[in-house]
Amino acid sequence: MMRYTMGRLISLCLSLIVASIVIFTVVEVVPGDPAAYMLGVNARPDTLAALRSELGLDMSLPERYFAWTTGMMQGDFGQSYTYRTPIAAMIADRVWVSLPLALFALTLTIVIAFPAGIYAASRRGKLGDLGVMGATQLGVAVPNFWFAMILVMIFAIKLRWFSAGGFAGWEGGLLSGLKSLLLPAVALALPQAAILARVMRSSLLDMLGEDFIRTARAKGLSRRQALWRHALRNALIPVLTIIGLQFSFLLAGGIVIEQIFFLPGLGRLIFQAISARDLIVVESVVMLLVFVVIVVNFVIDLTYAAVDPRLRLRK
Amino acid sequence: MRLPRSLLIGGFLSLLFLGGAALSLFWTPYDIEILSISSRLQTPSAMHWLGTDQLGRDMLSMVMMGTRTSIAVALLAVGIGMGLGVPLGLLAAARRGSLLDEVIMRGNDLIFAFPSLVIAILITAVFGAGAMNAIIAIGIFNVPVFARLTRGSALSFWSRDFILAARVSGKSASRISVEHILPNIANLMIVQGTIQFSLGILAEAALSYIGLGAQPPIASWGRMLADAQTLASIAPHVALVPGMAIVLMVLGLNLMGDGLRDLLDPRIRVTRT
């Protein structure tokens with residue numbers, strides 16, 4: 001297990017280093033000087049030079065990369081070109097919307113997909129299976145931002161059960177915060193639940209055809225008992241892979257959904273930064289999102305090993 | 001041979017949209033560049049089958065033009081993915097176990113680790129919004145999909161007798177890859193191509209919706225939805241029409257992909273018959 005963990009840890013570090021180089025390079029190749037952009041065309045050369053020095057733009061590219069990455073490791077993401085405030089503080093304010101939204105959506109995804117996938121697999125070829133498969137086929141095709149608009153039209157405008165946007169904040173209590181995030185989370189979760197239910201069904205059906213299930217059945221277990229006691233645990237490995245990938249989809253998808261529901265999360269921060277050409281903010285938020293996704297995938301890899309001993313024993 | 005039902009339904013839906021897009025090259029019911037404020041937000045009628053938008057433009061014509069944009073972006077993105085991914089996968093399989101194989105596969109793993117939409121947003125934010133940057137952003141994430149699939153399928157052929165015979169006859173690894181392996185995995189690539197094509201349609205719509213995809217005056221489904229957002233309560237059809245177009249097109253492509261897999265995969269075909 002130690003060898004497996006070390007291997008994954010090295011892979012995690014390499015991924016983070018390459019990701020940071022790619023993101024830094026992509027942003028740094030943009031023509032134009034942020035200091036000149038901030039001060040406008042009539043800026044005096046000495047003011048421009050002072051601002052360039054203050055923002056660290058007079059350093060060489062490797063120096064800036066090193067300063068950026070070491071700063072991030074210490075929680076210093078630099079300063080916004082537009083707002084002149086620390087980016088870390090801007091992120092800290094907004095992460096408490098984006099992260100709970102992604103986690104809430106992931107929970108809903110699992111809560112919907114697991115029963116649907118297990119039900120479809122246990123009713124293979126029957127009406128229930130066909131119904132679930134038809135619904136998931138449709139769910140996969142629905143763009144989450146359009147589904148969000150439909151939810152707003154029905155539940156906010158027509159029925160008035162929820163507000164059409166905005167975030168009540170966590171100060172008003174957990175329930176009030178979750179209520180603000182419910183429609184966005186449902187919009188994010190539905191297409192992902194459709195994908196996960198299909199994977200769950202297919203993985204379970206693969207397991208149900210294995211020899212060990214036949215043995216279990218031969219020993220007197222009913223199909224249902226064999227499914228719950230033996231097939232399910234083994235079917236979880238591909239399901240975990242998809243859940244890991246889905247977390248990144250949900251985090252990234254949240255960027256778009258936050259726009260629809262006017263949620264003050266990282267997505268809105270990115271779009272405000274894009275429209276203001278505040279690329280240092282874009283760079284830092286993207287790096288943070290990539291970091292979270294890579295770390296989640298690392299955790300999922302370790303979970304595989306816990307679920308499937310063959311992986312941790314493999315040389 | 002009976003064709004799978006999903007292939008028939010999916011094929012019909014896909015052809016409907018492809019036909020609409022092709023037709024829009026020569027003809028649309030109305031010119032979408034002519035605005036008619038007096039006839040804005042009309043519900044579907046005999047004059048305007050899918051109604052009109054907030055600027056009085058015919059929604060059917062807009063959908064037809066939007067289909068063209070979606071197909072063009074998704075098709076080119078799949079082209080980038082296949083064009084780079086398949087040769088990389090074939091190379092990795094031909095040099096299996098070598099440093100080159102390791103570098104190609106780890107590179108693929110790395111791209112997979114990135115949240116694609118975030119990077120697509122980064123690329124379009126930095127290099128500017130537009131259809132071309134959307135194509136590149138979506139296409140990059142298709143490369144590892146095709147590379148992995150190609151390598152995995154090609155590997156299973158490298159141990160087969162007919163490949164051994166080709167090697168004994170003195171053919172180089174690259175020639176064997178192109179002449180013998182590629183034709184054998186082409187079916188798989190077609191099936192994966194339809195899946196990536198449908199994902200490309202969704203990605204293009206998302207990027208256009210947030211203003212980073214195709215820019216006006218080019219019509220796009222995502223842009224139509226973005227424009228409809230504030231009007232959905234007074235004229236729901238402006239949000240429903242482009243949304244339904246996306247759903248039906250993606251559904252059609254997914255069903256077609258499933259049907260093609262059933263048709264082209266001999267193992268599934270044997271089970272079915």
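See above for the structure.
Please read all numbers here as calculations on a predicted model, not as lab measurements.

Draft legend 1. Focus on the overall build of chain A. For chain A, the helix and strand inventory stands at 13 helices and zero strands. In sequence order, chain A lays out its α and β elements as α-α-α-α-α-α-α-α-α-α-α-α-α. With 315 residues in all, chain A has 47% of them scored as buried. Within chain A, contacts between residues separated by at least 24 positions form 73% of all contacts whose residues are at least 6 apart in sequence. For chain A, the accessible surface area stands at approximately 15,700 Å², while carbon and sulfur atoms represent 65% of it. Mean positive and mean negative side-chain charge positions of chain A (28 and 18 charges, respectively) differ by 19 Å.

Draft legend 2. Structural context of the packing of aromatic side chains. Tallied over the full model, the rule gives eight aromatic pairs over all chains. Ring centres of Phe17(B) and Trp221(B) lie 5.9 Å apart, and the angle between their planes is 75°; this geometry places the pair in the edge-to-face category. Of this pair, Phe17(B) sits in helix H1 (residues 5–24) while Trp221(B) sits in helix H8 (residues 221–228), and the two are 204 residues apart along the sequence. Given a relative accessible area of 10%, Phe17(B) falls into the buried group. Here Phe157(B) and Phe162(B) contribute two aromatic rings whose centre-to-centre distance is 6.2 Å and whose plane-to-plane angle is 75°, an arrangement assigned as edge-to-face. Residue Phe157(B) is classed as buried on the basis of its relative accessible area of 11%. Cluster of aromatic residues (ring-pair linked, three or more members): Phe24(A), Tyr65(A) and Trp68(A).

Draft legend 3. How the structure looks around the interface of chain B and chain A. The partner chain A presents 41 residues to the 36 residues of chain B that form the contact. For the pair chain B and chain A, the two sides together bury roughly 3,200 Å², of which 84% comes from carbon and sulfur. Considering only the side of chain B, the residues that lose the most area to chain A are Val118(B), Leu122(B) and Val126(B), jointly responsible for 17% of the buried surface there. The tally of links between chain B and chain A comes to one salt bridge. Of all the secondary structure elements, the ones that give two or more residues to the side of chain B that touches chain A are helix H3 (99–113), helix H4 (116–127), helix H7 (173–209), H8 and helix H9 (237–264) of chain B. Looking at side-chain class alone, the side of chain B that touches chain A contains 30 nonpolar, five polar and one charged residues.

Draft legend 4. Quick look at the packing of H1(B) against H9(B). Residue and element names in this part refer to chain B. At a minimum axis separation of 7 Å, H1 and H9 run at an interaxial angle of 140°. Looking at the two axes, H1 sits oblique to H9. When you trace H1 past H9, the crossing you get is left-handed. Every residue of H9 that contacts H1 at Ser 6, Leu 7, Ile 9, Gly 10, Gly 11, Leu 13, Ser 14 and Phe 17 is listed here: Ala 245, Leu 248, Met 249, Gly 252, Leu 253, Leu 255, Met 256, Asp 258, Gly 259, Leu 260, Asp 262 and Leu 263. Its residues placed into classes, the contact of H1 with H9 shows 12 nonpolar, six polar and two charged.

Draft legend 5. Looking closely at the packing of helix H5 (residues 87–122) of chain A against helix H8 (residues 174–208) of chain A. Residues and elements named next belong to chain A. Viewed as axis vectors pointing N to C, H5 and H8 meet at an angle of 35°, and their least axial separation amounts to 5 Å. In terms of crossing hand, the pair formed by H5 and H8 is right-handed. Residue classes in the contact of H5 with H8 are distributed as 28 nonpolar, three polar and one charged.

Draft legend 6. Quick peek at the side chain of Asn254(B). One can find Asn254(B) in helix H9. Looking at Asn254(B), the relative accessible area reads 10%, which means it is buried. Apart from the residues within four sequence positions on either side, Asn254(B) is in contact with Gln137(A), Val140(A) and Ser198(B).

About the criteria used
- Residues numbered from 1 in each chain as written.
- Chains lettered and ligands numbered in written order.
- Predicted model: local features only at pLDDT ≥ 70, side-chain atom pairs only at ≥ 80, totals over all residues.
- Heavy atoms only, no water.
- Helix = DSSP H or I, 4+ residues; strand = E, 2+ residues; numbered from the N terminus.
- Buried < 20%, exposed > 50% of the residue type's maximum accessible area, 1.4 Å probe, protein only.
- Contact = heavy atoms within 4.5 Å.
- Areas by Shrake-Rupley, 256 points an atom, 1.4 Å probe, with all protein chains shown as cover.
- Lys, Arg positive; Asp, Glu negative; His and termini not counted.
- Charge placed at Lys NZ, Arg CZ, Asp CG, Glu CD.
- Phe/Tyr/Trp six-rings, centres within 6.5 Å; stacked < 30°, edge-to-face > 60°.
- Buried area = accessible area lost by both parts, 1.4 Å probe.
- Salt bridge = Lys/Arg side-chain N within 4 Å of Asp/Glu carboxyl O.
- Nonpolar A, V, L, I, M, F, W, Y, C, P; charged D, E, K, R; others polar.
- Axes fitted to C-alpha atoms, helices over the stretch in contact; angles between N-to-C directions.
- Parallel < 35°, antiparallel > 145°, perpendicular 65-115°, else oblique.
- Left-handed = near helix turned anticlockwise from the far one by under 90°.

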